[in-house]
Amino acid sequence: MIRTLLARAGLVATAACAAALLTAAPAAAHGADAPDGTDYRTRTTGVTPQRPGLEVRVVEAGARLELTNDTGRAIEVIGYSGEPYLRVGPDGVFENSRSPATYLNRTIAGDTALPAEADPAAPPTWRRIADGTTVRWHDRRALWQESAPPAAVRAAPDREHRVRDWTIPLRDGADPVTIGGTLDWVPPPDAYTWWAVTIVGVLAVGALGLVAAAPAGGRALSALGALLIAGGVVAVGYPVGRELDAGAQGVVGVLVGLLSGQIWALLTGLGAIAAGWYALARRPAADFAVALAGACLALFAGAANAAVFARSIAPVPWSPEAARVMVAVVLITGAGATAAGVLRLHAASRAAAAAPRADDAERGATAAG
């Protein structure tokens, strides 16, 4: 029995991995570089002096800043050595190819090698990088980039700490302007509690696979279908939240972000919803569809985002607690549906094997009589 269960589980896992390899797409720039969670909270306190039409906000769980300039004038972001770095205005977004910040800010780690042309003392060479009046960039002045936390955090990691107040200089024509903000350490949650709750939930959902006899088996399959639909909806909602946190604007902006950077998360959620409806309709091979969709859901929408269990700041525009609940729901419904589907497949296999033996016994009894 154990060998059969392992074989069926292996078949489901292999199918899930094959589906991932066939449908996965390269991640977008923000998807590849944005953290899945962090313990450092970055906030902006505003622009000084105020400029109507100039707005700055934090996106991607603090990984980037987003500046929108609707003043009708060009605004420059100043780099680390006092040189012009970015220019945003009515004619679009430009970066100075002579600014070291242009290269250092390409990754959140700031580990891009500087080319020979990078010279903060040289006159700027502007290169157009986007239309519109919005730009997003990593800025080490608003981030904590050391591998070890600050000394105050190491001394009392269970308390919230102000790491520093930060400023980023701008230039409006000849006038200096400043973006202000704060960087704080926020103690992480207890990941073991979240994993314990998730495991208990997985066992509870998986137990539905033990109910295979009709008519109770049909109701159990319907329950699995409903749970899988719920998990799929949450799995779609989470990457939508990540795109909104990354600065996507409107339905079109979210769709573009999903299709370019989170296509597998989107397909995983939609596949779970489809498999759930298939199970509710009690169609043939519904057990295998539930197990396969559940495995994909757990692996590529649940485990892929499970870092939020151990991080205080999540890359979504709602509370970190809500993010953790969403990831737990995805893991519970996905892994639970996989376990239940495998158990139901095993029960169906045993029933199919027992049927010929029962027929043979009945024919033998008839002949003897």
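What comes next is a walk through the structure. (Residues numbered from 1 in each chain as written. Predicted model: local features only at pLDDT ≥ 70, side-chain atom pairs only at ≥ 80, totals over all residues. Heavy atoms only, no water.)

**Looking at the pattern of salt bridges**
For the structure shown, the criterion picks out 20 salt bridges. With its nearest N and O atoms 4.0 Å apart, the salt bridge here joins R324 to E321. Of this pair, R324 and E321 both sit in helix α10 (residues 320-368), three residues apart, which is roughly one turn of the helix. With a relative accessible area of 5%, R324 lands in the buried category. By relative accessible area, E321 is classed as partly exposed at 45%. One network of salt bridges, in which partners are shared, links R41, E160, R162, D165 and D184. (Salt bridge = Lys/Arg side-chain N within 4 Å of Asp/Glu carboxyl O. Helix = DSSP H or I, 4+ residues; strand = E, 2+ residues; numbered from the N terminus. Buried < 20%, exposed > 50% of the residue type's maximum accessible area, 1.4 Å probe, protein only.)

**Focus on the sheet that holds strand β9 (residues 161-172)**
In space, the seven strands of this open sheet follow the order β1-β10-β9-β4-β5-β6-β7, with antiparallel pairing throughout. The open sheet has two edge strands with one neighbour each: β1 (40-48) and β7 (126-130). When strand polarity is set aside, the average angle formed by the axes of neighbouring strands in this sheet is 25 degrees. (Pairing = 2+ DSSP bridges. Axes fitted to C-alpha atoms, helices over the stretch in contact; angles between N-to-C directions.)

**Remarks on the environment of T333**
Along the chain, the position of T333 falls in helix α10. Sequence-wise, T333 and A295 are 38 residues apart; in three dimensions their C-alpha atoms are separated by 9.6 Å. The contact partners of T333, leaving out residues within four places of it in the chain, are L227, L228, G231 and L297. There is a polar contact of 2.8 Å between the side chain of T333 and the backbone oxygen of V329. (Contact = heavy atoms within 4.5 Å. Polar contact = N/O pair within 3.5 Å; in protein donor to acceptor, adjacent residues only side chain to side chain.)

Purely geometric stuff here, so don't read any function into it on its own.
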